Amino acid sequence: MFAISGKPAQQSVGDTIQVLAGRLGTAQLLEDRRASIAGIRSLAKQYPASVASSALRGLIAGLSKDGEDVDTVKVTLETLLMLFNPDENSPEASEELALWIADEFTQRQENINLLLDFLDTNDFYSRLYSLQLLSAILSSRTERTEECIFTAPLGISRLVAVLDDKRDAIRNEGLSLLTYLTPSSTELQKRVAFEDAFERIFNIIKSEGSLLHGDRIVEDCLILLANLLRFNVSNQSFFREAGCVPRVARLLNDTLREQGSEPEVAEWAKLQRNRNIYALLAVLRLFLVTGGVGTQANQASFWQHGVLNQVLQLAFNRATEMQIKAEALTTCADLIRGNPSIQEQFAQLKVTSVLDEPLDEGNQAVQQSGIPQVYVIDGLLDLTLSVPLLTAFDSRLAACECIKAYFYNHPVIRKHFLRRAIEGHTSGADETANVLTTLLQPLDSQVSVDPYRSWFAAVILFHLIFEDANGKSLAMSVTEGDLSQGEEVVTCIQTLTENLLNGIQKNFDERILVAYLMLLCGWLFEDPDGVNDFLGEGSNIQSLVQTVLRPSGDGVTVQGLCAMLLGIVYEFSTKDSPVPRATIHPILASQMGRDQYIDRLTKFRSHPLVRDFEVLPQKLSVAPPGGLPNVFFDKTFVDFVKDNFSRLLRAIDRDPGMEIPVIANGVQKGISREMVDSLRSQLEEKEKALQKSEEELLSRSRQLGQEQADHRRDKETSAMELGKIKQVNEALHRHHEDDMTKLRAEQNRMAQDHQRQLEHVQKTAEANADRTRKRMEAEIADLRSHLNKSEADLAKANKNHVQDLQTAHDEYTADKAEQAARLQRAEEKAKDFENSREAATAKARKAEISLAETEKEKKAVQGELDDLLMVFSDLEGKVTKYKEKLKALGEVISDDEEEDEDEEENDVD
């Protein structure tokens with residue numbers, strides 16, 4: 001037996017992976033390749049980088065090569081998934097590895113196509129792992145993966161078809177992949193939607209138990225639905241046309257029908273139900289972007305199918321959670337905002353009251369589940385102003401938004417709402433839910449219990465009168481006190497200001513003070529009449545200045561708003577105001593100071609509640625435990641502050657003599673005093689110019705009278721001269737007739753003379769014509785005789801010429817025959833020469849061929865001679881070696897043999 005001296009060397013992990021990767025690429029049998037992949041899988045979790053660098057391409061190639069074998073595909077996909085999700089404790093795990101693997105897949109389109117092809121199989125693991133692998137690649141290289149899936153043949157169709165899979169795991173994984181695939185790409189959203197995705201999504205929601213009983217899958221379906229509809233007008237239009245709005249209405253209807261009758265459910269189920277309902281409401285709001293292209297059509301469709309009424313009933317259902325109520329009311333606001341027809345019909349809807357308890361069974365009032373119903377506007381006002389619960393803040397804020405949306409951009413509804421509020425306040429019939437009554441009643445210590453009651457009332461009134469001269473004028477008609485009974489009449493603005501100053505003095509909650517200040521700033525801006533009403537109480541200016549001059553502490557917002565209100569009052573005051581501009585300016589510039597004014601406004605503008613308003617959540621959830629939310633301002637007011645901040649900052653620098661003109665309803669209010677003085681001076685100058693013109697007119701009138709008298713005298717003189725001229729004209733007329741008679745006699749005499757001369761000329765012309773004709777006939781006879789003589793001479797000359805032509809023709813014929821003979825001899829010589837040239841050429845060609853053959857033979861002979869010389873040289877070398885060997889062996893070589901060898905060498909040379 002042989003003994004082993006030591007242990008065999010252990011193979012490292014890297015070497016093992018290399019060996020397995022090599023077998024994967026070279027193995028011929030399917031079982032061998034599958035065994036290699038299984039070995040690689042066992043190492044992939046702990047050594048992902050080593051496996052990826054050595055075997056990744058082999059694994060991808062194996063999917064293509066062995067794609068028909070289910071077991072091989074399963075183990076390969078599992079290995080690839082392990083590379084994306086390695087062990088957290090592995091030293092090779094890193095984010096860069098996932099990016100590198102994703103690049104390996106996405107750099108070649110066929111790799112993504114390969115994974116999508118597995119979706120056509122019915123195998124559970126092939127479909128599931130392919131979807132999971134696509135999700136992992138998508139999370140690492142989102143844009144490139146989206147491009148590959150978009151361009152893959154039937155790629156989107158295959159993914160959407162996965163939603164029809166009856167196996168929950170595959171369907172849910174496909175739903176997750178589509179959710180991550182569609183949040184940003186509009187084209188992908190369109191492709192997915194047009195693959196009947198909406199119908200499939202609603203089928204899943206229904207099969208999973210709808211909103212009330214569905215689990216997280218229902219929420220995921222709604223998230224995917226939101227991805228397909230967000231900012232995509234085409235998909236929103238397709239959603240309406242595909243009949244999906246009635247399905248949304250049925251979901252809401254089922255929720256309302258079952259919500260109150262269902263038994264107690266677990267806390268986690270209730271939480272998921274709220275998430276599902278919240279997600280559906282968020283989907284509805286995607287259709288209702290203010291100013292969107294399809295918003296009007298979407299609002300009309302939701303109204304037509306009763307979605308608005310169902311959402312409204314959901315908001316006022318007592319079984320609905322507060323968070324869902326707030327979202328439902330916000331959705332209602334979006335559903336009616338900016339649509340006049342829906343706004344007008346909205347007020348006719350009824351909801352359950354938020355105040356009354358269920359009625360007794362014997363009461364026959366209109367009710368639902370024993371709770372009386374009220375018109376929606378009354379219900380919204382009750383919820384906004386009469387529910388002091390802190391937990392209801394979000395729903396109160398949403399109800400306030402719904403009220404604002406009700407009269408948004410609708411002057412008729414706004415005026416009607418304000419008039420009803422004024423009538424209710426005047427009659428005292430609806431004290432609990434009247435914005436004017438809430439704001440005008442004296443503040444007491446109870447107001448701090450629910451500071452948002454005043455805040456919501458101020459915000460609603462602010463929106464009713466903001467930038468509306470008619471609304472401001474109507475609100476100014478509200479007064480307190482009866483003058484006929486000796487009571488002091490106090491206007492609405494003065495009452496609001498009094499409540500504000502009392503609140504500042506008693507240090508009420510800052511939200512109440514901010515509410516009054518917001519309302520007054522929005523009311524008095526560009527309203528000189530309102531400013532004059534405010535200045536009717538002269539102490540208001542001093543009180544606000546004292547508030548601004550207090551040591552700055554936590555009241556930055558109140559001091560800043562007071563400074564802004566003072567700036568607005570000064571900006572739009574006039575010389576005729578109860579407190580003139582010339583009086584207000586020294587108070588602001590001296591008592592308060594320009595620097596203090598600018599400092600308070602600047603600090604207010606830079607306060608986080610104003611500066612960061614757009615990003616701060618206006619919700620109760622961010623409030624400290626048990627405390628009030630940090631909601632101080634309305635969005636419209638914040639926009640107003642930011643738009644006019646620079647103007648208000650410069651207001652204190654404006655000269656008191658310059659008034660700001662304001663145009664309201666086409667009528668300009670306020671005017672510059674400098675302009676008035678300028679116009680007066682211009683008027684005086686015009687009057688002086690008019691007086692001067694009148695004096696000039698009088699002078700010109702006198703001058704005109706003198707000229708008229710001169711004209712009459714000139715006219716009489718001209719008449720006398722005209723009579724004389726007529727007499728002279730008549731005399732000339734008589735003399736003219738005598739002259740005409742003489743002229744006619746002279747004309748007759750001259751005509752007779754002319755006739756005689758004409759006859760004489762005719763006779764002379766006839767005699768001359770006879771003489772000329774005779775002379776021409778004689779000349780013609782001479783010409784004829786001369787012509788006959790010329791013809792005879794020509795005939796004789798022609799006869800001689802013919803003889804000369806015949807002689808020349810004969811000579812030409814003889815020369816032509818001689819030239820033809822010469823030409824024939826020359827052609828024969830040329831032909832002989834050509835033949836001899838061709839023969840010489842043939843001989844030269846044969847000589848060249850012979851020379852070439854001779855040259856080849858010479859080269860062949862020379863080659864053979866060179867070969868022989870080499871052979872002789874080799875033989876000579878061998879003979880020399882043999883002789884040396886013989887000498888070494890003791891043999892004697894004779895000199896003759898050496899001489900013979902020398903001679904042979906010489907002969908060879």
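Our subject is the structure listed above.
Residues numbered from 1 in each chain as written. Predicted model: local features only at pLDDT ≥ 70, side-chain atom pairs only at ≥ 80, totals over all residues. Heavy atoms only, no water.

Enquirer: What am I meant to see in helix α3 (residues 48-65) here?
Expert: Owing to its 3.6 residues per turn, the α-helix brings residues three or four apart onto one side. Most pronounced at Ala 55, the bend in α3 amounts to some 60°. Of the surrounding elements, those touching the buried residues of α3 are α1 (13-26), α2 (30-44), α4 (70-84), α5 (95-106) and α6 (109-117). (Bend = angle between axes of the 7 residues up to and from the residue. Helix = DSSP H or I, 4+ residues; strand = E, 2+ residues; numbered from the N terminus. Contact = heavy atoms within 4.5 Å.)

Enquirer: Quick question: what am I supposed to make of the environment of Thr 636 here?
Expert: Tracing the chain through its elements places Thr 636 in helix α34 (residues 635-650). Residue class for Thr 636 comes out partly exposed when judged on its relative accessible area of 27%. Between the C-alpha atom of Thr 636 and that of Val 459, which follows or precedes it by 177 residues, the distance is 9.5 Å. Beyond its immediate stretch of four places on either side in the chain, Thr 636 contacts Phe 462, His 463 and Phe 466. (Buried < 20%, exposed > 50% of the residue type's maximum accessible area, 1.4 Å probe, protein only.)

Enquirer: Honestly, the packing of helix α15 (residues 245-259) against helix α18 (residues 307-316) in this entry has me stumped. Any pointers?
Expert: Pairs of packed helices are described in terms of their axes, by the angle between the two and the distance that separates them. Running from N to C, α15 and α18 point in directions that differ by 25°, and their axes come no closer than 10 Å. Taken together, α15 and α18 sit at an angle that is classed as roughly parallel. Read as a crossing pair, α15 and α18 show a hand that is left-handed. Only Val 307, Gln 310, Val 311, Gln 313 and Leu 314 of α18 make contact with α15, whose side of the interface consists of Val 245, Ala 249, Leu 252, Asn 253, Leu 256 and Gln 259. Looking at the contact of α15 with α18, its residues break down into seven nonpolar, four polar and no charged. (Axes fitted to C-alpha atoms, helices over the stretch in contact; angles between N-to-C directions. Parallel < 35°, antiparallel > 145°, perpendicular 65-115°, else oblique. Left-handed = near helix turned anticlockwise from the far one by under 90°. Nonpolar A, V, L, I, M, F, W, Y, C, P; charged D, E, K, R; others polar.)

Enquirer: For this particular structure, what's the right way to read the pattern of salt bridges?
Expert: Where side chains of opposite charge bring their charged atoms close, a pairing between them can arise. Counted according to the given criterion, the structure contains 39 salt bridges. Note that Asp 117 is salt-bridged to Arg 158, the shortest N-O span being 2.7 Å. Highlighted residues: Asp 117 in helix α6 and Arg 158 in helix α9 (residues 155-161), separated in sequence by 41 residues. With a relative accessible area of 36%, Asp 117 lands in the partly exposed category. By relative accessible area, Arg 158 is classed as buried at 16%. Among the ionic pairs, Glu 401 bridges to Arg 337, the shortest N-O distance being 3.9 Å. Taken together, the residues span a long stretch of sequence, with Glu 401 in helix α22 (residues 393-406) and Arg 337 in the loop between α19 (322-336) and α20 (340-346) at a distance of 64 residues. Residue class for Glu 401 comes out partly exposed when judged on its relative accessible area of 27%. For Arg 337, a relative accessible area of 18% gives the class buried. One network of salt bridges, with partners in common, ties together Arg 285, Glu 327, Asp 334, Arg 337, Glu 401, Lys 404 and Asp 634. (Salt bridge = Lys/Arg side-chain N within 4 Å of Asp/Glu carboxyl O.)

Enquirer: I tried to follow the nonpolar core on my own but got confused; where do I start?
Expert: Note on soluble globular proteins: their nonpolar side chains tend to be buried together. Of all hydrophobic cores here, the largest spans 221 residues; its most connected members are Leu 159, Phe 239, Phe 346, Leu 380, Met 564, Phe 633 and Phe 637. If one sorts the elements of this core by residue count, helix α28 (residues 510-524) sits on top with 12 residues. Beyond its immediate sequence surroundings of up to four residues, Leu 159 is in contact with Leu 116, Leu 119, Leu 131, Leu 134, Ile 149, Leu 177, Leu 178 and Leu 181. (Core = buried A, V, L, I, M, F, W, Y, C linked by side-chain atoms within 4.5 Å.)

Enquirer: What is the right way to read the packing of aromatic side chains from this model?
Expert: Describing an aromatic ring pair means giving the distance of the ring centres and the angle of the ring planes. Within the structure shown, the criterion is met by 24 aromatic pairs. With a centroid separation of 5.5 Å and an interplanar angle of 55°, the aromatic rings of Phe 407 and Phe 417 are classed as tilted. Of the two residues, Phe 407 is situated in the loop between α22 and α23 (411-427) and Phe 417 in helix α23; the sequence distance between them amounts to 10 residues. Taking the relative accessible area as the measure of exposure, Phe 407 reaches 1% and is therefore buried. Arranged with centres 4.9 Å apart and planes meeting at 25°, the rings of Phe 462 and Phe 466 form a pair that is stacked. For the pair formed by Phe 462 and Phe 466, the shared burial category is buried. (Phe/Tyr/Trp six-rings, centres within 6.5 Å; stacked < 30°, edge-to-face > 60°.)

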